[in-house]
Amino acid sequence: MPTLAIIGGSGFTKLEALEIVRREVVHTPYGEPSAPLTHGMFGGKKVVFLPRHGTAHTIPPHKVNYRANIWALKHIGVKRIVGVAAVGGIGPEMAPGVIAIPNQIIDYTYGRDHTYFENDLSHVTHIDFTEPYSESLRQRLLAAAESSNVTIVSHGVYGATQGPRLETAMEINRLEREGCSLVGMTGMPETALARELDLDYACCAVVANWAAGRGDGPITMMEIEKHIGIGMSRVVCLIAALV
Ligand code: HPA
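Quick look at the structure, then. Remember, it's a predicted structure, so these values are computed and weren't measured experimentally. Along each chain, numbering runs from 1 in the same order as the chain's sequence is written. Reporting in this predicted model follows two pLDDT cut-offs: at least 70 for local features of residues, and 80 or more for side-chain atom pairs to be given and counted; totals over whole chains, interfaces and linings ignore these cut-offs and use all residues. Calculation of side-chain values draws on the structure's entire complement of heavy atoms; hydrogens and water are dropped beforehand.

1. A word on unusual backbone geometry
- Look at the link from Gly163 to Pro164: it is a cis peptide, with omega at -5°.
- One can find Pro164 in the loop between strand S8 (157-160) and helix H3 (169-177).
- With omega at 10°, the peptide bond leading from Met188 into Pro189 counts as cis.
- Looking at the element boundaries, Pro189 is found in helix H4 (residues 187-196).
- Even without a glycine there, the phi angle at His57 is positive, about 55°. Helix and strand assignments follow DSSP, with helices taken as H or I runs no shorter than four residues and strands as E runs no shorter than two, numbered in order from the N terminus.

Structural data, given as structure tokens:
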């Protein structure tokens, strides 16, 4: 069984260099995951891939069944997850095209099914989330970046917004005041659910655009797609070095 899973985000609905071995449909107590799990070989190692927004990129961030996705990966024996995500850049180092490995997150999402500890509880559980990402997996990603000569920013605070609309300029100012250097729509509850199931989780954030009000004029899908394309090919090098 593969122990490493990659959850692909926008612009990353398939892992090109993955030699596909089989696809596995997993039904979960929380409903259906975004897609069948794709088992394959990557750089000679077993990995499993799951496109967060579905195979045809049809599931928006607030409709992703995060609980089913993480549960399905745990169920098949995965121990570590790298969540790849397109984000907007707020901090000056987070220019479009940059890859960042965030070390903190602030949750601004609402109305999402965000916990497994809800019904049929034998006791109330509060997970520790002081450090939301697995430091050991983050360090492995940083080492992979070093060995593959992929330039990355080794930290960042991910502000997880509800979407699917992008933010206002003033919302971005507020996020910055509160410490966020990146903004995306899928970081939560994915990160916390992985912790609830005791999985090592790290995020590989690909900056697709300057966040609202930080670039010249409105954010266009063309700009987002261009930078995601550049960033994702570097993410593939990073993952190749990681496995
Ligand atoms: N905001 C939120 N999510 C995003 C952005 C953004 O600017 N770019 C890519 N995902």
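2. Looking at the site of the ligand
- Surveying the vicinity of the ligand reveals the residues Ala86, Val87, Gly88, Leu166, Glu167, Val183, Gly184, Met185 and Asn209.
- Between the ligand and Gly88 there is a distance of 3.4 Å, counted from a nitrogen atom to a backbone nitrogen or oxygen.
- Areas reported as accessible are Shrake-Rupley estimates using a 1.4 Å probe. Residue values count occlusion only from the protein chains shown. In the complex, the protein chains occlude 93% of the 260 Å² of accessible area that the ligand would expose alone.
- Only strand S5 (80-89) and strand S9 (182-184) provide two or more residues apiece to the shell around the ligand.
- Take the shell around the ligand: its biggest share by element is three residues, from S5.
- When grouped by side-chain class, the residues that make up the shell around the ligand number five nonpolar, three polar and one charged. A cutoff of 4 Å decides nearness: a residue is near a molecule or strand if any of its heavy atoms lies inside that distance of it. Pairs of N or O atoms within 3.5 Å make up the polar contacts considered here, provided that, within protein, one atom can donate a hydrogen while the other can accept it, and that residues adjacent in sequence are counted only when both atoms are side-chain atoms. Residue polarity is assigned by list, with Asp, Glu, Lys and Arg as charged and Ala, Val, Leu, Ile, Met, Phe, Trp, Tyr, Cys and Pro as nonpolar; anything else, Gly included, falls into the polar class.

3. Let's talk about the pattern of salt bridges
- We count a salt bridge whenever a side-chain nitrogen from Lys or Arg sits within 4 Å of a carboxyl oxygen from Asp or Glu. For the structure shown, the criterion picks out eight salt bridges.
- Note that Glu24 and Arg22 form a salt bridge whose closest N and O atoms lie 3.9 Å from each other.
- Burial classification: accessible surface area is computed with a 1.4 Å probe over protein chains only, and a residue below 20% of its type maximum counts as buried, one above 50% as exposed, and the rest as partly exposed. Exposure remark for Glu24: the relative accessible area of 19% places this residue in the buried category.
- On the basis of relative accessibility, which here comes to 38%, the residue Arg22 falls in the partly exposed class.
- For the salt bridge of Arg165 with Glu171, the shortest nitrogen-to-oxygen distance reads 2.9 Å.

4. Observations concerning the packing of aromatic side chains
- For Phe, Tyr and Trp, rings pair up if their centres lie within 6.5 Å, where Trp contributes its six-membered ring, and each pair is then called stacked (planes under 30 degrees apart), edge-to-face (over 60) or tilted (otherwise). Counted according to the given criterion, the structure contains two aromatic pairs.
- Note on Tyr30 and Tyr116: the rings are 5.1 Å apart at their centroids and 70° apart in plane angle, and the pair reads as edge-to-face. Here Tyr30, found in the loop between strand S2 (19-24) and strand S3 (37-42), pairs with Tyr116, found in the loop between strand S7 (104-107) and helix H2 (135-148); they are 86 residues apart in sequence, far enough to count as distant.
- Both rings, one in Tyr133 and one in Tyr201, keep their centres 6.3 Å apart while their planes meet at 20°; by these two values the pair is stacked. Highlighted residues: Tyr133 in the loop between S7 and H2 and Tyr201 in strand S10 (residues 200-210), separated in sequence by 68 residues.

5. Some remarks on the packing of H2 against helix H5 (residues 221-242)
- Throughout, an axis means a line fitted to C-alpha atoms (over the contacting stretch in the case of helices), and angles, computed between N-to-C directions, take values from 0 to 180 degrees. The N-to-C vectors of H2 and H5 enclose an angle of 110°; their axes lie 8 Å apart at closest approach. Our classification of the angle between H2 and H5 gives roughly perpendicular. Contact with H2, carried on its side by Arg140, Leu141, Ala144, Ala145, Ser147 and Ser148, involves Cys237, Leu238, Ala241 and Leu242 of H5 and no other residues of that element.
- Here the contact of H2 with H5 is composed, by residue class, of seven nonpolar, two polar and one charged. Each angle is binned into one of four classes, with values under 35 degrees roughly parallel, values over 145 roughly antiparallel, values of 65 to 115 roughly perpendicular, and all other values oblique. Residue contacts follow a heavy-atom distance rule, with two residues in contact if any of their heavy atoms lie within 4.5 Å.

6. A few points about the pairing of strand S1 (residues 4-8)
- By the criterion of burial, S1 is predominantly enclosed, with five of the five residues buried.
- Side-chain alternation along S1 places Leu4, Ile6 and Gly8 on one buried face and Ala5 and Ile7 on a second face that is also buried.
- Taken together, the five bridges between S1 and strand S4 (residues 45-51) define a ladder with parallel strand orientation. Each bridged residue has a counterpart across the sheet, and for Ala5 the counterpart in S4 is Val48.
- The criterion for strand pairing is that DSSP finds at least two bridges linking the strands in question. Relative to S5, S1 runs parallel, the two being bridged by four bridges. Across the sheet, residue Ile6 finds its bridge partner in S5, namely Val82.

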